[in-house]
Amino acid sequence: MRAIFSGWASNSWRETGSEPMRTVREISSGGVVYRRYKGRTEVALIRTRDKWRLPKGRVEEGEGLQETALREVREESGLEGRVVAKLGDITYWYTNKTKEGETIRIFKRVYFYLIRYLKGDVRRHDDEVEEACWLPIDEAISKLSYPTERETMRKAITLLGGASLRPQARTLRRAKRG
């Protein structure tokens, strides 16, 4: 095995025609940034290549997972925050080409954290992001493009105590029960 940035390449091969495909592992980290605004919980989402997702990115050499999550949130959404809890991780496979044109298979693991908003402006995101915005958490979960990130958002909702419900909806539920 040899080191490649934040991941490593293994000797796992898959035949693609006449040439084997190398497998590379990548480690990334990101977060669900939340704030309380006008009596409800909002979260920050970003849009890249017409896909709505959570801010995340590769762990750089010497960087910890939480440090990466906070850096990526700052870069991709323009927001700064504080890690409140670990939400878990997701994994997936995809293919990409190296600078040399070699097609490689990538196994990616992304660690997500719940991050309380401290300061910043979603208009100050970096150039790789087309748009960053605040959305009510119940709207954001349906807008996310990837099922694994929707599940991560559900974990955030659970940790925030059912924050997806508007205050009046929680009151109505309690009244019906009691």
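This section reports on the structure supplied with the text. (Residues numbered from 1 in each chain as written. Predicted model: local features only at pLDDT ≥ 70, side-chain atom pairs only at ≥ 80, totals over all residues. Heavy atoms only, no water.)

## Some remarks on the overall build of the protein chain
Secondary structure summary: the protein chain contains four helices and nine strands in total. In the protein chain, the order of α-helices and β-strands from amino to carboxyl end is β-β-β-β-β-β-α-β-β-β-α-α-α. Within the protein chain, the proportion of its 178 residues that are buried is 44%. Look at the contacts in the protein chain between residues 6 or more apart in sequence, and 64% of them connect residues 24 or more apart. Accessible surface, the protein chain as shown: approximately 10,500 Å² in total, 46% of it carbon and sulfur. (Helix = DSSP H or I, 4+ residues; strand = E, 2+ residues; numbered from the N terminus. Buried < 20%, exposed > 50% of the residue type's maximum accessible area, 1.4 Å probe, protein only. Contact = heavy atoms within 4.5 Å. Areas by Shrake-Rupley, 256 points an atom, 1.4 Å probe, with all protein chains shown as cover.)

## Observations concerning the side chain of K56
Relative to the assigned elements, K56 resides in strand β6 (residues 56–58). Residue classification places K56 among the buried positions, given a relative accessible area of 11%. Among the polar contacts listed, one links the side chain of K56 to the side chain of E149, at a separation of 3.4 Å. In this view, K56 contacts S29, G30, E72, E76, Y92, V110, F112 and E149; residues no more than four positions away in its chain are not counted. (Polar contact = N/O pair within 3.5 Å; in protein donor to acceptor, adjacent residues only side chain to side chain.)

## Section: the nonpolar core
Formed by 21 residues in total, the largest nonpolar core has its most connected members in V32, V43, L45, L54, L114 and M153. Going through the elements one at a time, β3 (19–37), β4 (40–48), β7 (79–97), β8 (103–120), β9 (131–136), α2 (137–143) and α3 (147–159) are the ones with two or more residues in this core. Apart from the residues within four sequence positions on either side, V32 is in contact with V43, L54, L87, Y113, L114, I115, T152, M153 and A156. With 14 residues, the next largest nonpolar core counts V33, V73, L79 and I115 among its residues. (Core = buried A, V, L, I, M, F, W, Y, C linked by side-chain atoms within 4.5 Å.)

## Considerations on the pairing of β4
Counting buried positions along β4 gives eight out of nine residues, so the element sits mostly inside the fold. Strand direction decides the pairing type here: β4 and β9, joined by six bridges, are antiparallel. The partner of A44 across the bridge, within β9, is W134. Sheet analysis places β4 next to strand β5 (residues 51–53), joined by three bridges and oriented antiparallel. Along β5, the bridge assignment pairs I46 with R53. (Pairing = 2+ DSSP bridges.)

## Some remarks on the packing of aromatic side chains
Considering all chains together, one arrives at three aromatic pairs under this definition. Aromatic pair W93 and F107: ring centres 4.9 Å apart, planes at 55°, arrangement tilted. A residue pair is termed long-range when its members are at least 10 positions apart, and W93 in strand β7 and F107 in strand β8 qualify at 14 residues. When its relative accessible area of 12% is taken as the criterion, F107 is described as buried. For the ring pair Y117 and W134, a centre distance of 5.1 Å and an interplane angle of 85° mean the geometry is edge-to-face. Of this pair, Y117 sits in strand β8 while W134 is found in strand β9, placing the two residues 17 residues apart along the sequence. Of the residues examined, Y117 reaches a relative accessible area of 22% and is grouped as partly exposed. Over the face of the ring belonging to Y37 we find R35, whose NZ or CZ atom lies 4.6 Å from the ring centre. (Phe/Tyr/Trp six-rings, centres within 6.5 Å; stacked < 30°, edge-to-face > 60°. Lys NZ or Arg CZ within 6 Å of the ring centre and 35° of its normal.)

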